[in-house]
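Reading the structure
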Amino acid sequence: MELYKKVLRVARNYKGLLILAIFFMFFSTLTDGVSLGMLVPISDKVLNNHPIVFPGTKLPAFLTQLINKVNSMNPQPLLIWISAIVLVLIAIKGLTFYIQRLIMEVIGQRVIRDLRDQLFTKIQHMSLDFFSNTRVGELVSRLTYDIYVIRHAFTEGIADSVYYSFQLLLYLGIVLFINFKLALFVLVFLPGISWPLLKLGKRLRKISRQIQGKMADLNSRMQEAFVSMNIVKAFSMEKEEVKRFKALNRDFYKLILKSMRRTLFLNPATEFIAGAGGIAVLVIGGREVIQGRMSFGVFVYFLGALMALMKPVKRLIKVYNFNQVAMAAVERVFEIIEKEPTVRESESAIDLPLPCKDIVFENVWFKYEEDFVLKGINLKVDMGEIVCLVGPSGAGKTTLLSLLLRFYDPTEGRILIDGVDLRDVRIDSLRRYVGLVTQEPVLFNDTVYNNIAYGMKDKSPQEVEQAAKIANAHEFIVRLPQGYDTVIGERGVKLSGGEKQRIAIARAVLKNPPILILDEATAQLDADSELKVQEAIQRLIQNRTVFLIAHRLSTARRADRIVVMEEGRIVEEGKHEELLARNGLYCKYYRYQFQDVGGKL
Ligand SMILES: Nc1ncnc2c1ncn2[C@@H]1O[C@H](COP(=O)(O)OP(=O)(O)OP(=O)(O)O)[C@@H](O)[C@H]1O
Ligand SMILES: [Mg+2]
């Protein structure tokens, strides 16, 4: 029930439309009842020329009058009248049904459009830990398959449940009206039909959750395989990948069949029970007709209404079951929509003023999962200083600086800019002042121009070009087939490693932030490329406060201060020469790791 409310809440903007649709459904149902009523005069008067006899006496006056009028008519003109009326009714019914469905479709499509927007917006605002713990394929599957299922539930589920409820009430009314006793007898069948089928629905919901989970697995698998195609090929793993995919695909198929076996069973099962009920009515009602208490035509109407009653019952059960499936999807979608990002902006957050004094890490502890990755970091950096972080892989360098951007919050301790805790400033005001060049350049499948100007719409083409020149990128960009308008492929696959890095640097140059985080790429470039990248970096870091994560000596040497990290701690600090003289970890590091690269440059 909770879940229904959630979906309906999304639909609340379309309340007016929904009421309109319900009005048309009601109208459409009414025409059904009247059309079916035409069976009475046709069977009694037109075909048999007998008077119509309704059992019981309490007919409303207008109906008694109508029946008397019909009873006094001749079969010939009556037939023409009835034909005309039925024709009109069919037309009205068709039209109202069409309009009603169309409105529901419009609402359904809007609801899922809104839901998809909401979901994507939410995902965009999740903190980074969410993405470490959620597979991309899973998210895609929620945005596509789950949303699709919900749409279905909405247009058909809601439309059908209202429409067929009307039908149910209508035919139930007719049946009860004509013969209360007989009707009651039949109605004991209804729960008989419904109960086991509703139970089946519960099971379907469970299977359905499994199906949606498998769908997500399948999506993730595909995504991973396609994105890593070069590695797959390099290791000749195509066959293995296909095998893994096939296994998943087969599981998926099995689950779908399992659910279909149950879904398909619904129809014959209801059919059989309904048939048995109908036969019982035939026997009992037949006796009433033989004894003259009811005319043949009224009996036909009764039987007709009874048969017609089965359809809404069956449909409602089907809708119920389908809604169970959809609710599994709703659950999964709202699971994300209702998730709170771990990094949140406080209500009283202020705009960070332009940093002018210092940045302080104060006893910062941090862990992603169980183990602490940062263990009590204390570091004070003055504005304008270039600080270089070095240390073995996994020491926590990237992690430390991602806290400065508030990708995560410290588990303990705090980070201050000009004395203000990062948790008390508006996140976008902080990120406006901090530039980031990541270890792996992050590029989008867009033009070179848009990649450089990412997030900076207000920059002019001249500024973009200027930034590219400073980053040593202009030269190769103009040689690309469409220059700045060249689309560079997903994650920039159409560019070389060095070119990607220089685009990423150009982006940072253009942003021109007072504080810069530069995570040097670990990948080795050829000497020429390396030189260009180093030159670009050199220009980029001028006149800023820079946190440089260095993997090369040439970079480390440029810093005002070198901070050596190991296993989440700062173990040494100082200038290059001082640290060498101290003969500690940096010195060892320098000898083993930096030497060849340093020598080469
Ligand atoms: N998203 C994450 N979820 C869980 N653990 C993580 C995550 N990112 C990093 N880690 C772990 O945190 C530790 C520090 O990683 P970090 O990326 O900060 O190292 P680093 O010093 O930048 O290494 P490198 O020089 O190789 O870039 C590692 O042990 C790593 O396994
Ligand atoms: Mg790193």
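Here the residue numbers are simple positions, counted from 1 along each chain's written sequence. Whichever chain is written first is A, and whichever ligand is written first is 1; the rest continue in order. Where local features are concerned, this predicted model is filtered to residues with pLDDT of at least 70; where side-chain atom pairs are given and counted, the filter is 80 or more; whole-chain, interface and lining totals use all residues. Heavy atoms from the whole structure form the basis of all side-chain values; hydrogens and water molecules are not counted.

A look at the site of ligand 1
- The criterion for a residue being near a molecule or strand is simple. One of its heavy atoms has to lie within 4 Å of it. Near ligand 1, the surroundings consist of S132, Y368, V373, S393, G394, A395, G396, K397, T398, T399, Q439 and H551.
- N or O atoms closer than or at 3.5 Å make up a polar contact, with two conditions inside protein: a donor-capable atom paired with an acceptor-capable one, and, for residues adjacent in sequence, both atoms drawn from side chains. Separating an oxygen atom of ligand 1 from a backbone N or O atom of A395 is a distance of 3.2 Å.
- If ligand 1 stood free it would expose 630 Å²; the protein chains cover 66% of that surface.
- For helices the rule is a DSSP run of H or I covering at least 4 residues; for strands it is a run of E covering at least 2, with both sets numbered from the N terminus onward. The element contributing the most residues to the shell around ligand 1 is helix α13 (residues 397-404), with 3 residues.
- Within the shell around ligand 1, the residues separate by chemical class into 3 nonpolar, 8 polar and 1 charged. Here the accessible surface of atoms and residues is derived via Shrake-Rupley with a 1.4 Å probe, and residues count as covered only by protein chains that are part of the display. Throughout, the ten residues Ala, Val, Leu, Ile, Met, Phe, Trp, Tyr, Cys and Pro are labelled nonpolar, Asp, Glu, Lys and Arg are labelled charged, and all others, Gly among them, are labelled polar.

Observations regarding the nonpolar core
- Core analysis: the biggest nonpolar cluster contains 48 residues, and V390, I452, I505 and I562 have the highest contact counts within it.
- When residues of this core are assigned to their parent elements, the largest contribution, 7 residues, is made by helix α18 (residues 497-511).
- Apart from the residues within four sequence positions on either side, I505 is in contact with V437, A471, V533, A536, I537 and L540. We call a set of buried residues a nonpolar core when its members are Ala, Val, Leu, Ile, Met, Phe, Trp, Tyr or Cys and they connect through side-chain atoms within 4.5 Å of each other. Only protein chains enter the area calculation, which uses a 1.4 Å probe; residues under 20% of their type maximum are buried, those over 50% are exposed, and those in between are partly exposed. Whether two residues are in contact is decided by their heavy atoms: any pair within 4.5 Å suffices.

Focus on the pattern of salt bridges
- By salt bridge we mean one thing: a side-chain nitrogen of Lys or Arg within 4 Å of a carboxyl oxygen of Asp or Glu. Following the criterion strictly, the structure yields 31 salt bridges and no others.
- A salt bridge links E345 to R426; the nearest nitrogen and oxygen atoms lie 3.9 Å apart. A residue pair is termed long-range when its members are at least 10 positions apart, and E345 in the loop between α12 (296-337) and β1 (358-367) and R426 in the loop between β5 (420-421) and α14 (427-433) qualify at 81 residues.
- Judged by relative accessible area, which is 38%, E345 ranks as partly exposed.
- Using a relative accessible area of 30% as the deciding quantity, one classes R426 as partly exposed.
- Here the salt bridges do not stand alone but share partners, grouping R135, E138, R142, R209, D217, E331 and E335 into one network.

A word on the sheet that holds strand β6 (residues 434-437)
- Two strands pair under a simple rule: DSSP has to find at least two bridges between them. Pairing within the open sheet is mixed, and its 6 strands lie in the order β6-β7-β8-β3-β9-β10. Across the chains shown, the open sheet's two edge strands, defined by having one partner strand only, are β6 and β10 (569-574). Each strand of the sheet is rotated relative to its neighbour by a mean of 20°, with strand direction disregarded.
- Where α13 meets the sheet, it contacts β3 (386-390), β7 (515-519), β8 (545-549) and β9 (561-566), and its direction lies at approximately 150° from that of β8. Comment: axis = line fitted to C-alpha atoms, over the contacting stretch for helices; angle = value between 0 and 180 degrees taken between N-to-C directions.

Observations regarding the sheet that holds strand β4 (residues 412-417)
- Pairing is antiparallel across the open sheet formed by 4 strands, whose spatial order is β2-β1-β4-β5. Of all the strands in the sheet, the pair left with one neighbour each is β2 (372-382) and β5.
- Here β4 pairs with β5 via 2 bridges, running antiparallel. Each bridged residue has a counterpart across the sheet, and for L416 the counterpart in β5 is D421.
- Helix-sheet contacts for α13 involve β1, β2 and β4, and the interaxial angle to β1 is about 120°.

Considering the state of the cysteines
- Any two cysteine sulfur atoms lying within 2.5 Å of each other are counted as a disulfide. Enumeration over the complete set of coordinates arrives at 0 disulfides.
- Free cysteine C388: the closest other cysteine sulfur is in C587, separated by 16 Å.

Some thoughts on the environment of N219
- Among the structural elements, N219 can be located in helix α9 (residues 189-227).
- Taking the relative accessible area as the measure of exposure, N219 reaches 15% and is therefore buried.
- Separated by 26 residues in the primary sequence, N219 and F245 place their C-alpha atoms 10.0 Å from one another.

Notes on unusual backbone geometry
- Phi is positive for N543, which is not a glycine, with a value near 60°.
- On the secondary structure map, N543 appears in the loop between α19 (527-540) and β8.
- The exposure class assigned to N543 is exposed, which follows from its relative accessible area of 80%.
- Positive phi, normally seen in glycine, also occurs at N583, with a value near 65°.

Some details on the environment of V34
- Summarising the element assignment, V34 is placed in helix α2 (residues 15-37).
- For V34, a relative accessible area of 39% gives the class partly exposed.
- Separated by 361 residues in the primary sequence, V34 and A395 have C-alpha atoms spaced 80 Å apart.

Brief notes about the environment of G574
- Here G574 is to be found in strand β10.
- For G574, a relative accessible area of 9% translates into the label buried.
- Taking C-alpha positions, G574 is 108 Å from V289, a pair spaced 285 residues apart along the chain.

Some details on the coordination of the magnesium ion (ligand 2)
- Looking at the magnesium ion (ligand 2), the protein donor atoms are T398 (OG1) and Q439 (OE1), and they sit 1.9 to 2.5 Å from it. Residue T398 is located in helix α13, and its partner Q439 is located in the loop between β6 and α15 (448-452); the two are separated by 41 residues in the primary sequence.
- Residue T398 is classed as partly exposed on the basis of its relative accessible area, which comes to 39%.
- For Q439, a relative accessible area of 23% puts it in the partly exposed group. Ligating atoms shown are N, O and S within 2.8 Å of the metal, or 3.2 Å for Na, K and Ca, and water is not included, meaning a site may look less than complete.

A look at empty space enclosed by the protein
- Cavity and pocket criteria rest on a 1 Å grid covering protein atoms alone: a 1.4 Å probe that fits but cannot get out defines a cavity, protein on both sides within 12 Å along at least 5 of 7 lines defines an open pocket, and an atom within 4 Å of a point defines a lining residue. Grid points are joined across faces, edges and corners, and a volume is the space filled by probe spheres set on the points. In the structure shown here, the tally under the stated rule is 2 cavities of 30 Å³ or more.
- Computed from the structure, the largest cavity encloses a volume of approximately 100 Å³.
- Along the wall of the largest cavity there are 16 residues; nearest its centre are V437, Q501, D519, E520 and A521.
- Of all the secondary structure elements, the ones that give two or more residues to the lining of the largest cavity are α18, β7 and α19.
- Top contributing element to the lining of the largest cavity by residue count: α19, with 4 residues.
- Taken together, the residues of the lining of the largest cavity sort by class into 8 nonpolar, 4 polar and 4 charged.

Here we look at the pairing of β4
- Note: β1 against β4, 5 bridges, orientation antiparallel. Directly across from E362, in β4, lies its bridge partner R414.
- The hairpin turn running from β4 into β5, its antiparallel successor, is 2 residues long, and D418 in that turn takes a positive phi close to 50°.

Notes on the layout of surface pockets
- Quantified by volume, the second largest pocket comes out at close to 650 Å³.
- When residues of the lining of the second largest pocket are traced back to their parent elements, those giving at least two are α2, α3 (39-47), α4 (61-72), α5 (75-125) and α7 (136-178).
- Ranked by residues supplied to the lining of the second largest pocket, first place goes to α4 with 5 residues.

Describing helix α16 (residues 461-470)
- Buried residues of α16: V464, A467 and A468, and no others. Taken end-on, α16 shows its buried residues confined to a sector of 100°, consistent with a single buried face.
- One or two positions beyond α16, positive phi appears at N472, with a value near 60°. Arc definition: directions from the helix axis to the C-beta atoms.

Such coordinate-based values are descriptive only and should not be taken to indicate function.
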